[in-house]
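Structure at a glance
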Amino acid sequence: MDLAALTECLTTASCIITQTTSGLIIGLLLFLVAAGLTLIFGVLKVVNFTHGSFYMLGAYFAYTVNGLTDSYVLAVLAAAVGVGLFALAFERFFISKVYASNVLMQLLVCYAFILILDDAVKIIWGPEFKSMGMPAAFQSPPLFIAGGIVPVFYLFLIGVTLAISLGLWLTITRTRFGTIVRAAAVNPSMVSALGINTGLVYGAVFALGGLLAGLAGGLAAPVRSLTSGMGFSILIESFIVTVIGGMGSIAGALLGAILIGLVRAFGSIGFPLFVEGLMFMLMAVILILKPSGLLGKEG
Amino acid sequence: MTAARPTFSRDLLIAGCALAVVLLLPMLWPSKALTDFVIRVSAFSLFATSLNLLVGYTGMVSFGHGMFFGFGAYCFGLSMQRLGVSIPVAIVITVLSTAALAAAVGAICIRLKDIYFAFITLAFQMLLYSLIIAWVPLTGGDQGLMGGIPRPEFLGVDLGLESHRYAFSVVLMVVGLLAMRHVVESPFGYTLRMIRDNPDRASFLGIHVFRAKLTAFIIAGVFAALGGMVMALFVSGAYPEFANWTMSGEGIFMVMLGGVSTFVGPTAGAVVLSLLNDVITRRTEHHGLFLGVVILVFALGLRKGVTDFIADWLRAQREARSSALTGDRT
Amino acid sequence: MARKRVHLDRRTVLKGAAAGAAATLFAPNIVTAQSKAIRVGMPTILSGRVAQLGTSSRNAVMMEVEKVNAAGGLAGRQIEMVVRDSKGAPQEAARVSRELVNSDGCEILLDAEASSGAFAVQEVAKDLGVLCIHTNSETSSLTADPKLRIPNAFRACRQGIHDSIAGGAYAAKIAEAKKLDKWATCSPDYAYGRDSTQLFMEYLKHFYPKAEVTTEAWPKLFQPDYTEVITKVIQAKPQGLYSCLWGGDLTSWIDQGNIYAMFTQMEVFAINMADYTALTAVKNLPKGIHSGNRYIKTFPNTPKNAAWAEDYRARFKEWPTNWSWENATGIHFLAAASKKANSADGKKIEEAMRGLKIDSPFGADGTITMRAEDQTIIGYAVGWGMTIPNEPYVPEVTAGDWKNILELEADWKKRSKYT
């Protein structure tokens, strides 16, 4: 514990600015993964524990496409589309079979896929870790904003994430697809009574969730080392984020992600050895006070 | 048609026979790998069965049961290493402290329902895990309790000897299972089932649901800690992995694999999962792939635990017999 | 009726599979002493994030065992390796090691586990009394602490304290020249990270008393995002930075530090940089990171060392890692001790191994010694240098002074109450 350092940081403008920006960056990257997780739970009531593996697949797809085409844009697109399709197949052939079973069966299917995908990645890409490298466009010195340091690449990521969040929000609130999805989340039997194929809706939601995870993996690939098993720590963090924000609430996920980002940023100064513990503590406290999460609906 | 409620004396008899068979096993088949295997299964059996008290009997899906397994291992190991007490005293300390921990955690968690209960138990487990990792002077951090756990002789039992360790673990498992069996077959056990099936009705009938759930949570925690203790004795140490979420995950898988609807299901699951793990890791380094496929086949194909099939089959036999009997009469 | 038959079939299959599995697993103990081959069990990590530890360890072992066997094996008995995955979990390491000895008939354990697994294997070795050679755990206490040390276990790999003394001496010279007084550390939060960092700073101060640590950042092992620790370090504006991150964590950290231009703002000492896995993986390696030699084919700059690296590369299509040379050294010691004892018996090999000095491509002076008093190796190549992004990666390595290292190590042991 280092409370002196924390107070010192909280009284210095540059430290507050830098660590707050760090927190936002961490949070927004987390949000991209967590958004898919919370979307899937909101509609399907499935806690998709394979979400971290989707993220990993995204990173590897991006790595391969980047190596082939030398284009970061193509790499990210390939990651998003590739993982989206994979998620669709995963939903249609596996998860849809256990909707009727209890949550433990769903957990088992996800667990099986975590194991399988980690090994598959090891077989296909090898056991050694990979590094994709920074696209040339972003190899420029960081910007100094009001005494805080902000890398250009992270500015880009923040921009993309905000654009995606906006797009996601518009899709959910303004499109026919969004209306159906929201309806399916509340009353699936009514939706199917209206002649809408709920299976298709579920598949589409899962694909969208997977697409977001793949996108996150692809976008972050230049600054993350790629290994089999890399999805796991992401899974845990995005899981905390969604629980804190409220399972099923996308706005909640954004709030939760930023909260976790700030806890990490300032926790690493005040409690450098207990940052992870802090995150779980926050999760426990919020669950006790409001089991459905900050912005979750009481269910 | 209700089967006669099994009586405690019948359970005692079955337990006695099982104990005798398992104790004689090493003489019939002298293999150290077998004794090692049985010791590990003893630990997992206590752990998985105690988890099933919550999952199967009370309908409380806990994702954080590994917390008590890990806590038991550390508590026992630390008592032996730091306090230098005898093994029975260390067991008593472990049981009491686990009960206290479970009471405190349970009092907070039980207020939450369904999936939120699962999440908060997981949060508490990870909190304990983070504490174990961070509190290096006490726990040794990620390296675990190093230097071995002393095994002083007590009442003529020397756990340094493999044969004694074997017998001790097996006895502990059988006694633990018997005690849990007694719990689920007691009126309290039926209260738990009623809470699982219809908590509102139980509440109307004047059952203090919270108190009953908390009691179940504490009992389950204590037996999980006993499992952790057996594991700590086996590896002569305690590691943070014991308290990690993976341990809870394995426990859940054992319960599901073995079957939630029978009492011995989780034990069968512990045997099958350990066997699978050991066989697959011997054969291939891609065990994740193989274990994953096995789990998929189980979850999507079989959809039931191993003992569920046996129970179904027995029931079908019984029904066939009884219909044959009625057929005779008409 | 049809349904029931299906159930029965399934049950039969399950039963058959279980019986088959049990039969192979629990085969009663075989007496292997008379059999020709000698089995050596190798618990290691072949899955998860550090699978590379296991694969590169195994590669080196297979390569060396082949040579030993071609030369007649251990006192005439061919070595048969049994390699098994512990998944990096200590309780699995304990189980696998017991199984290797108890049911696979292994007479010797080559423990290629990372630290916590190594302590678990040590307990098994203590319990079963088999000869055990640790080849990957660099945690000093494993052999330095007499409470943990056992007569039948040896360490054939680096030891944290040696690296830290050499590193401290090297960094002090640069600190002196460049006036680096304010230091930060950024190491993974687990036993190895904490020990290595604390000792490095201790010896840096020993050689350059003006050095002072102003900030410490402790990311978690396998943390994906290092943003907050990077900005924390940059905030503190240190002149020197020490890190013992390794493998994929190190490369993530470098990629993320790069976009903050962290490496241009301070002099960075990353002990685990100079290993081919990290050097070849990072795409935009900043110039001028100081690193300890993990494994570099040009240090020691001898034909033997270069030839060994080329041989390895020819076989496995990649350069050896730090773990590779350590495991190769384990096999070298096993073979040499067996030759000296003229026996494949664990107890006799153990006797012969104490104090044994062997010729080795990885020795600072062409030899490595298994120190008798604490059964760990000394005299292996230790050095530090500045890394560049392409071959030879570390053009100039300053060798550590073993006389100095041993003196300070003895002093450290006294202070730690180990002697």
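Residues numbered from 1 in each chain as written. Chains lettered and ligands numbered in written order. Predicted model: local features only at pLDDT ≥ 70, side-chain atom pairs only at ≥ 80, totals over all residues. Heavy atoms only, no water.

**Topic: the overall build of chain A**
From N to C terminus, chain A includes twelve helices and two strands. Listed N to C, the secondary structure of chain A is α-α-α-α-α-β-β-α-α-α-α-α-α-α in terms of helices and strands. Taking 299 residues into account, the globule formula puts the C-alpha radius of gyration at 19 Å, and chain A, at 19 Å, falls close to it. Summarising its shape, the C-alpha atoms of chain A cover approximately 60 × 50 × 35 Å along the three principal directions. The buried share of chain A, reckoned over its 299 residues, is 60%. Across chain A, the fraction of contacts at a sequence separation of at least 24, relative to all contacts at a separation of at least 6, is 75%. For chain A, the accessible area works out to roughly 10,800 Å², and carbon and sulfur atoms hold 74% of it. (Helix = DSSP H or I, 4+ residues; strand = E, 2+ residues; numbered from the N terminus. Rg over C-alpha atoms; globule rule 2.2 N^0.38 Å. Buried < 20%, exposed > 50% of the residue type's maximum accessible area, 1.4 Å probe, protein only. Contact = heavy atoms within 4.5 Å. Areas by Shrake-Rupley, 256 points an atom, 1.4 Å probe, with all protein chains shown as cover.)

**A word on a nonpolar patch on the surface**
On the surface, a nonpolar cluster with roughly 430 Å² of combined accessible area is contributed by Met 281, Val 285, Ile 288 and Leu 289 of chain A together with Ile 108 of chain B. Counting residues per element, the nonpolar patch draws most heavily on helix 12 (residues 275-289) of chain A, which supplies four residues. Exposure remark for Val 285 of chain A: the relative accessible area of 41% places this residue in the partly exposed category. (Patch = residues over 30% accessible without salt bridge, like charges linked within 9 Å, V, L, I, M, F, W, Y side chains within 5 Å. Salt bridge = Lys/Arg side-chain N within 4 Å of Asp/Glu carboxyl O.)

**What about the interface of chain C and chain A?**
At the interface, 37 residues of chain C touch 40 residues of chain A. Taken together, the two surfaces of chain C and chain A that pack against each other cover about 3,300 Å², and 54% of this comes from carbon and sulfur. Contact with chain A buries area across many residues of chain C, yet Arg 49, Glu 228 and Ile 259 of chain C alone supply 20% of it, more than any other trio. The interface formed by chain C and chain A contains three salt bridges. (Buried area = accessible area lost by both parts, 1.4 Å probe.)

**Focus on the environment of Gly 176 of chain B**
All names here are of chain B. Structurally, Gly 176 is set in helix 7 (residues 162-185). A sequence separation of 43 residues divides Gly 176 from Ile 219, and the C-alpha atoms of the two residues are 11 Å apart. Once residues within four sequence positions are removed from consideration, Gly 176 is found in contact with Leu 46 and Phe 223.

**Examining the packing of helix 12 (residues 265-283) of chain B against helix 3 (residues 90-102) of chain C**
Running from N to C, helix 12 of chain B and helix 3 of chain C cross one another at 70°; their axes reach a closest spacing of 12 Å. In terms of axis orientation, helix 12 of chain B runs roughly perpendicular to helix 3 of chain C. As for how helix 12 of chain B packs across helix 3 of chain C, the hand of that crossing is right-handed. Of the residues in helix 3 of chain C, those in contact with Asn 277, Asp 278, Thr 281 and Arg 282 of chain B of helix 12 of chain B are Glu 92, Arg 95 and Glu 99 of chain C. (Axes fitted to C-alpha atoms, helices over the stretch in contact; angles between N-to-C directions. Parallel < 35°, antiparallel > 145°, perpendicular 65-115°, else oblique. Left-handed = near helix turned anticlockwise from the far one by under 90°.)

**Section: the nonpolar core**
One recurring pattern in soluble globular proteins is that nonpolar side chains are buried together. Core analysis: the biggest nonpolar cluster contains 323 residues, and Met 283 of chain A, Phe 76 and Phe 119 of chain B together with Trp 183, Trp 253, Phe 269 and Met 273 of chain C have the highest contact counts within it. Taken domain by domain, the makeup of this core includes at least three residues from each of domain 1 (13-159 + 302-368) and domain 2 (161-300 + 381-415) of chain C. Grouped together as the second largest cluster of nonpolar side chains are 13 residues, Leu 100, Leu 109, Ala 125 and Ile 150 of chain C included. (Core = buried A, V, L, I, M, F, W, Y, C linked by side-chain atoms within 4.5 Å. Domains from an automatic or database assignment.)

**Remarks on the state of the cysteines**
Enumeration over the complete set of coordinates arrives at one disulfide over all chains. Disulfide pairing is shown between Cys 9 of chain A and Cys 15 of chain A; the S-S distance is 2.0 Å. Between Cys 9 of chain A and Cys 15 of chain A, the S-S torsion sits near -95°, and that sign places the bridge as left-handed. The closest cysteine sulfur to the non-disulfide-bonded Cys 157 of chain C is located on Cys 132 of chain C, 11 Å from its own sulfur. (Disulfide = S-S within 2.5 Å.)

**Describing the packing of aromatic side chains**
Applying the stated criterion across every chain yields a total of 54 aromatic pairs over all chains. Aromatic side chains Phe 154 of chain B and Phe 168 of chain B sit 6.0 Å apart centroid to centroid with 80° between the ring planes, which places their arrangement in the edge-to-face category. On the criterion of sequence distance, the pair formed by Phe 154 of chain B in the loop between helix 6 (136-139) and helix 7 and Phe 168 of chain B in helix 7 is long-range, its members being 14 residues apart. Assessed through its relative accessible area of 11%, Phe 154 of chain B is described here as buried. In this structure an aromatic cluster arises from ring pairing among Tyr 276, Tyr 295, Trp 308, Tyr 312, Phe 316, Trp 319, Trp 325, Phe 362, Tyr 380, Tyr 393 and Trp 402 of chain C. For the cation-ring pair, Arg 193 of chain B lies above Tyr 190 of chain B, with the distance from its terminal atom to the ring centre recorded as 4.2 Å. (Phe/Tyr/Trp six-rings, centres within 6.5 Å; stacked < 30°, edge-to-face > 60°. Lys NZ or Arg CZ within 6 Å of the ring centre and 35° of its normal.)

**Quick word on the interface of chain C and chain B**
Listed per partner, the contact involves 45 residues of chain C and 41 residues of chain B. For the pairing of chain C and chain B, the buried interface totals around 4,000 Å² over both sides, and the portion due to carbon and sulfur atoms is 58%. Three residues stand out in chain C for area buried against chain B, namely Phe 26, Gln 91 and Arg 95 of chain C, and they jointly supply 17% of the buried area on that side. Counting the contacts that link chain C with chain B gives eight salt bridges. Across the chain C-chain B interface, the total number found is 14 residue pairs in polar contact (both at pLDDT 80 or more). In terms of residue class, the side of chain C that touches chain B is built from 18 nonpolar, eleven polar and 16 charged. (Polar contact = N/O pair within 3.5 Å; in protein donor to acceptor, adjacent residues only side chain to side chain. Nonpolar A, V, L, I, M, F, W, Y, C, P; charged D, E, K, R; others polar.)

**Quick notes on the domain arrangement of chain C**
Residues and elements named next belong to chain C. Split by domain assignment, chain C resolves into domain 1 (13-159 + 302-368) and domain 2 (161-300 + 381-415). For domain 1 versus domain 2, the distance between C-alpha centres works out to 29 Å. Each side of the interface is counted separately: domain 1 has 25 residues, and domain 2 has 26 residues. For the domain 1 and domain 2 pair, buried surface summed over both sides reaches about 2,200 Å², with 55% attributable to carbon and sulfur atoms. For domain 1, the biggest contributors to the area lost against domain 2 are Arg 158, Gln 159 and Trp 319; these three give 28% of the whole. On the surface where domain 1 and domain 2 come into contact, there are 17 residue pairs in polar contact (both at pLDDT 80 or more). Elements with a contribution of two residues or more to the side of domain 1 that touches domain 2: helix 12 (303-316) and helix 13 (322-341). Sort the elements by how many residues they give to the side of domain 1 that touches domain 2 and helix 12 lands first, with five residues. Along the lines of polarity and charge, the residues of the side of domain 1 that touches domain 2 split into twelve nonpolar, nine polar and four charged.

**A few points about unusual backbone geometry**
For the bond from Phe 299 of chain C to Pro 300 of chain C, the omega torsion is -5°, close enough to zero to count as cis. The topology assignment puts Pro 300 of chain C in the loop between strand 11 (289-295) and helix 12. With a phi angle near 60°, Asp 70 of chain A is a residue other than glycine that sits in the positive phi range. With respect to the element layout, Asp 70 of chain A can be found in the loop between helix 3 (51-69) and helix 4 (72-93). Notably, Gln 375 of chain C is not glycine yet its phi reads approximately 55°, a positive angle. Checked against the element boundaries, Gln 375 of chain C lands in the loop between strand 13 (367-371) and strand 14 (376-378). A residue is classified by how much of its surface remains accessible, and Gln 375 of chain C, at 4% relative accessible area, is buried.

**A word on the pairing of strand 2 (residues 79-85) of chain C**
Residue and element names in this part refer to chain C. With five of its seven residues buried, strand 2 lies for the most part within the structure. When strand 1 (residues 38-44) meets strand 2, the two strands line up parallel, connected through seven bridges. Across the sheet, the residue bridging to Val 40 is Met 81, located in strand 2. Following the backbone out of strand 1, through helix 2 (residues 51-70) and into the adjacent parallel strand 2, one traces a crossover that is right-handed. (Pairing = 2+ DSSP bridges. Right-handed = clockwise from strand over helix to strand, strands pointing away.)

**Some details on the environment of Val 103 of chain A**
Within the element layout of this structure, Val 103 of chain A appears in helix 5 (residues 103-125). Expressed as a C-alpha distance, the spacing of Val 103 of chain A and Val 47 of chain A, which sit 56 residues apart in the sequence, is 8.2 Å.

**Looking at helix 9 (residues 198-220) of chain A**
Residues and elements named next belong to chain A. Its 23 residues give helix 9 an end-to-end C-alpha distance of 33 Å, which sits within 8% of 33 Å, the value for a rise of 1.5 Å per residue. By the criterion of burial, helix 9 is predominantly enclosed, with 20 of the 23 residues buried. At the N-terminal end of helix 9, a side-chain oxygen is found 3.0 Å from the backbone nitrogen of Gly 199, two or three residues along, and the residue is Asn 197. (Expected span 1.5 Å × (residues − 1).)

**Thoughts on helix 3 (residues 66-83) of chain B**
All names here are of chain B. Compared with an ideal rise of 1.5 Å per residue, which puts 18 residues at 26 Å, helix 3 spans 25 Å between its outermost C-alpha atoms and is within 8% of the ideal. Where burial is concerned, most of helix 3 is hidden: 15 out of the 18 residues are buried. Downstream of helix 3 by a residue or two, Gly 84 has a phi angle that is positive, lying close to 65°.

**A few points about the side chain of Asp 36 of chain B**
Relative to the helices and strands, Asp 36 of chain B is located in helix 2 (residues 32-58). Among the polar contacts listed, one links the side chain of Asp 36 of chain B to the side chain of Arg 98 of chain C, at a separation of 2.8 Å. Reaching out from Asp 36 of chain B, the side chain makes a polar contact with the side chain of Asn 102 of chain C at a distance of 3.4 Å. Contact partners of Asp 36 of chain B, with chain neighbours within four places excluded, come to Phe 234 of chain B together with Arg 98 and Asn 102 of chain C.

**Some remarks on the side chain of Glu 113 of chain C**
Residues and elements named next belong to chain C. Mapped onto the fold, Glu 113 is located in the loop between strand 3 (108-111) and helix 4 (115-128). Lacking a salt bridge, the buried Glu 113 has Arg 95 as its closest oppositely charged neighbour, with an N-O distance of 10 Å. Only 2.6 Å separates the side chain of Glu 113 from the side chain of Ser 86, close enough to count as a polar contact. Excluding residues within four positions of it along the chain, Glu 113 makes contact with Pro 43, Thr 44, Ile 45, Ser 86, Ala 93, Ala 118, Val 121, Asn 136 and Ser 137. (Lys, Arg positive; Asp, Glu negative; His and termini not counted.)

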